[in-house]
Amino acid sequence: MTTNALPASPHPVEVQHHTPWHEYFGFSLDHKVIGIQYLVTGFFFYLVGGALAGMIRVELVTPLSDFMARDTYNQVLTLHGTIMIFLWIVPVVNGAFGNYLVPFYVGARDMAFPRLNAVAFWMLPPAGFLLMSSYFVGGAAQSGWTAYPPLSITTPAVGQVVWIISVLLLGGSSIFGAVNFIATILKLRQPGLDLFQLPMFCWAMLGTSVLVVLATPVLAGALILLSMDIVAGTGFFNPALGGNAVVYQHLFWFYSHPAVYIMVLPAFGLVSEILPIHARKPLFGYRSMIYSILGIVFLGLIVWAHHMFTSGTPPWMRLFFTIATAIIAVPTGIKFFNWLATLWQGKLALNSALLFCCGFIFNFVFGGITGVALAQVPFDVHVHDTYFVVAHFHYIVFGGTVFVIFAAIYHWFPKISGRLLNEHLGRLHCLLSFIGFNVCFFPQHWLGLNGMPRRVAEYDPQFQLINQISSVGALILAISTLPFLVNVFLSMWKGVPAGDNPWRACTAEWLTSSPPPVENWLHEAPLVTEPYDYGSTEDAMSVTTVRGRDLWSAGR
Amino acid sequence: MPIPGSILTLVAGVFLALISLWVGQNINLMPVAAADDASTVDALFKVLFSIGVGLLLGITAMLVVALVHFRRRSGDHLDGPAVEGNLPLEIFWTAVPAIVILIVGVYSYDIYARMGGMADFSHHTSMPPQENVETASSGHPADPETVIWGGIDRAEGAAFPVEVTAMQFAFVFHYPQQNFTTGELHLPLGQPVELQLKSNDVIHAFWVPEFRLKQDVIPGQPTVLGFTANRQGNYDIICAELCGPYHGGMRSKVVVEDAENFEKWLMRNTPATVATAPESSQTA
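- Named according to an unreviewed UniProt entry, chain B is Cytochrome c oxidase subunit 2 originating from Candidatus Synechococcus spongiarum LMB bulk15M.
- Word for word, the UniProt comment on chain B under Catalytic activity (unreviewed entry) is "4 Fe(II)-[cytochrome c] + O2 + 8 H(+)(in) = 4 Fe(III)-[cytochrome c] + 2 H2O + 4 H(+)(out)".
- Under Sequence similarities (unreviewed entry), UniProt gives the following word-for-word description of chain B: "Belongs to the cytochrome c oxidase subunit 2 family."

- Per an unreviewed UniProt entry, chain A carries the name Cytochrome c oxidase subunit 1 and comes from Candidatus Synechococcus spongiarum LMB bulk15M.
- You can read under Catalytic activity (unreviewed entry) in the UniProt record for chain A the words "4 Fe(II)-[cytochrome c] + O2 + 8 H(+)(in) = 4 Fe(III)-[cytochrome c] + 2 H2O + 4 H(+)(out)".
- The UniProt entry for chain A carries the following comment under Sequence similarities (unreviewed entry): "Belongs to the heme-copper respiratory oxidase family."

Re the overall build of chain B
Okay, so step 1: Within chain B, the regular secondary structure consists of 5 helices and 12 strands.
Okay, so step 2: Split into buried and exposed, the 284 residues of chain B put 36% on the buried side.
Okay, so step 3: Of all intrachain contacts in chain B linking residues separated by at least 6 positions in sequence, the fraction that spans at least 24 positions is 73%.

Some details on the interface of chain B and chain A
Okay, so step 1: Contact with chain B, which involves 80 residues of that partner, is made by 87 residues of chain A.
Okay, so step 2: Those elements that provide at least two residues to the side of chain B that touches chain A are α2 (38-69), α3 (87-115), β8 (204-208), β9 (213-217) and β11 (233-239) of chain B.
Okay, so step 3: Its residues assigned to classes, the side of chain B that touches chain A shows 45 nonpolar, 21 polar and 14 charged.

Some remarks on the packing of helix α2 (residues 70-106) of chain A against helix α4 (residues 124-136) of chain A
Residues and elements named next belong to chain A.
Okay, so step 1: At their nearest, the axes of α2 and α4 sit 11 Å apart, and the two run at 170 degrees to each other. In terms of axis orientation, α2 runs roughly antiparallel to α4. The segment α2 lies against α4, with Gln75, Leu79, Thr82, Ile83, Leu87 and Pro91 engaging Leu124, Gly128, Leu131 and Tyr135.
Okay, so step 2: For the contact of α2 with α4, the residue count by class is 7 nonpolar, 3 polar and no charged.

Here's the deal with the pairing of strand β12 (residues 251-257) of chain B
Residue and element names in this part refer to chain B.
Okay, so step 1: Side-chain alternation along β12 places Ser252, Val254 and Val256 on a buried face and Arg251, Lys253, Val255 and Glu257 on a face that remains uncovered.
Okay, so step 2: Two strands pair when backbone bridges link them, and strand β6 (residues 185-188) and β12 are joined in this way by 4 bridges, in the parallel orientation. Bridge assignment links proline 188 to a residue of β12, and that residue is glutamate 257.
Okay, so step 3: In this structure, β11 lies alongside β12, joined through 6 bridges in antiparallel fashion. Bridge pairing in β12 links isoleucine 238 to arginine 251.

Focus: unusual backbone geometry
Residue and element names in this part refer to chain A.
Okay, so step 1: The omega torsion of the bond from proline 149 to proline 150 falls at 0 degrees, within 30 degrees of zero and hence cis.
Okay, so step 2: On the secondary structure map, proline 150 appears in the loop between α4 and α5 (151-154).
Okay, so step 3: Of note, alanine 147 is a non-glycine position whose phi angle comes to about 50 degrees, a positive value.
Okay, so step 4: Tracing the backbone shows alanine 147 in the loop between α4 and α5.
Okay, so step 5: A tally of 24 C-beta atoms within 10 Å means that alanine 147 is categorised as buried.
Okay, so step 6: For asparagine 520, which is not glycine, the phi torsion reads 80 degrees and is therefore positive.
Okay, so step 7: Take asparagine 520: it is sitting in the loop between α16 (464-494) and α17 (548-552).

Describing the domain arrangement of chain B
Interfaces are often described in size by the accessible area the parts lose on coming together.
Residue and element names in this part refer to chain B.
Okay, so step 1: Domain annotation for chain B reports domain 1 (5-70 + 87-114) and domain 2 (144-271).
Okay, so step 2: Each of domain 1 and domain 2 has a C-alpha centre, and these two points are 35 Å apart.
Okay, so step 3: Residue-level contacts link 9 residues of domain 1 with 14 residues of domain 2.

Remarks on helix α11 (residues 329-343) of chain A
Residues and elements named next belong to chain A.
Okay, so step 1: With 15 residues, α11 should cover 21 Å at 1.5 Å per step; its first-to-last C-alpha distance of 21 Å lies within 8% of that length.
Okay, so step 2: Counting buried positions over the 15 residues of α11 gives 14, a clear majority of the element.
Okay, so step 3: Looking one or two residues past α11, glutamine 345 carries a phi angle of roughly 65 degrees, positive in sign.

A few points about the sheet that holds strand β7 (residues 192-199) of chain B
Across a sheet, strands are paired by hydrogen bonds formed along the backbone, either parallel or antiparallel in direction.
Residues and elements named next belong to chain B.
Okay, so step 1: Taken in spatial order, the 5 strands of this open sheet run β5-β4-β3-β7-β10, and their pairing is mixed. Every interior strand has two partners, whereas the edge strands, β5 (180-182) and β10 (223-228), have only one. The mean angle between the axes of side-by-side strands here comes to 25 degrees, regardless of whether they run parallel or antiparallel.

Rules used throughout
Residues numbered from 1 in each chain as written. Chains lettered and ligands numbered in written order. Predicted model: local features only at pLDDT ≥ 70, side-chain atom pairs only at ≥ 80, totals over all residues. UniProt positions renumbered as here; feature names shortened; annotations may be inferred. Helix = DSSP H or I, 4+ residues; strand = E, 2+ residues; numbered from the N terminus. Buried ≥ 20, exposed ≤ 12 C-beta atoms within 10 Å, placed from the backbone. Contact = placed C-beta atoms within 7 Å. Nonpolar A, V, L, I, M, F, W, Y, C, P; charged D, E, K, R; others polar. Axes fitted to C-alpha atoms, helices over the stretch in contact; angles between N-to-C directions. Parallel < 35°, antiparallel > 145°, perpendicular 65-115°, else oblique. Pairing = 2+ DSSP bridges. Domains from an automatic or database assignment. Expected span 1.5 Å × (residues − 1).

Here you go:
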């Protein structure tokens, strides 16, 4: 690790170590405060979305639609999907960790556009509450998070329009954030810090932000046209007026497939930061990690039509999108092999952060395998729009990204709060999450293969037992949140003080106090050109066992 | 002398391959196959299943071995070896998955082409002009030759036509040759059929899990689904695309029966007037 020597400041500056509490509720320009605002807001919406998921699993305990009204059920599944994607996963992996970490990693004191950053965050709460309030004002949207016309044109208009407005706000917030990340990573790097010396998370955020900027406007355009179809009676997507419903699907998935990478690429970046530290080894294959991110970004933009293999797409399109989709497994596979190689021969600290990362590797590999299967048109024709797909994407976004979010919280909580989280509660949380998640979603593959479509409130009685098992898994998953919440609140006040660098990490956020001062470092920012400088060469010696003779006879 | 690691790895690899092949071939997760191409889809699934099981077991085993074998012992503050990469190894695990994926892709393309999924958009003449179709109302004159959007169409030559209309929340089947409408689909065993699908309101999807066939029914886009049912029995027709509050209840039955029973059923349902009335009076 190369850090420049910290010059002793002639005038010790009085630095506010603790951000006053009201700052977190205001229009703060500090990237760390904004990051925490994103994280806490996102977690609130995670609890809301989780409660909605619980309602879905309760409804599916019996084959009859007997827990809530059928249109309420459709509102619940629409809100669940929209909240989990746009208000939990996207804002947390991008907004929360991106904002907290990227300025540290590039050696900057804040993001390139702090005010834009605050605006981007403050679009989130109104959008979220607007979305939730639509349930109480005439009913929320009930056409799924995909909002396919003509269904979305024929369901009650108020809920659908409110849904469009809030998704537009959230998309806008996402674009503002992405512009900021691109500018920060490309332009705010410390002099002397090369792009190929950046921690992997910066590359992940750069790739993600490029996807956000290229794809989100397309969704915005599609939703504006859809709202005109609903409000002004235009016929862009309305076949009754000569429109074409499939065009909407193309526009929607042109964003929403890259959205999967917007949700998982930052998670990949976070794993690349966490694993080397707890394995005490350099990140394996730094360059190939970068090229695989770029490959995923490029391929991610040209695979959207695999969501539409049954929609009457032309044959050449099906062939092209099958191959392109399956090929994504190659750069993704490289990343997973690299992580395994990072762990191999390491000195693994089996703490919550590392265990959640390992849970992520298992779940995501599983989801990736079913993803490659889904790319094959003949198989996809059978399982498209079934619980197989539900299981697949939950393995990707929950088993993948949400597990990484928790790993990241265990890893960076000491930096954010200055205190360690309790490891026993953390490992309990990890164990319960892993069991609950797999009990909930693993059986759903079988349901889909054998004939249970997604988004149904009632189903064939032969599927009852498996659905009940799945619901038990959902219950375990809900319970797993309790040790986490207890842990966070206990540790925030009474946790073991962490010190500046409890993990003996090399990256720049650990080379300052915990929590860091307002402008990140009291003195000049450290220049970290080797962020993964772990690992000892053959002649390294342990500090605890070394003797003087070893030092002077080592030949150096 | 300890057994060399490479031999242990080789043995483990052979076991892994055998286990995944066995699992892929012997654990059946699919419902019964009741259409001609269903078993080829199942064959593809078995290949994917075998590869998937092998990959998942292999990676999980490596992960578990790493967690157990390379866990940090208490008091050990040393780092692991400073290995930053291994170019030949990285090329290896880029090339092998790429080749496997290309092979699987070509194989699945071949199956799909055999199923008739690569049939191009066509101007079918067998499809009758749409009376109440919405596209006709947009100004341009109704084309007598309706564009058929690419579905899966394997029916060569004389396929038995059935018109399927999807609406909130039911499928309705019309037999054009016999001119009657029913709520339950009956199909002849072993004879190619051609379902002509259209939707009256929102997008639905026609799915029979036992046929391994699913086709979205999109308003304004009449679509053909051609196949041959090859196993007698009653199967569920399921709507697979969210279509409104009663989406979960939008189900119907398809009955596949042998030629004799099918003819009987057709006769029973064919309106009596059609058999005796002259051609010109058929204005229904």
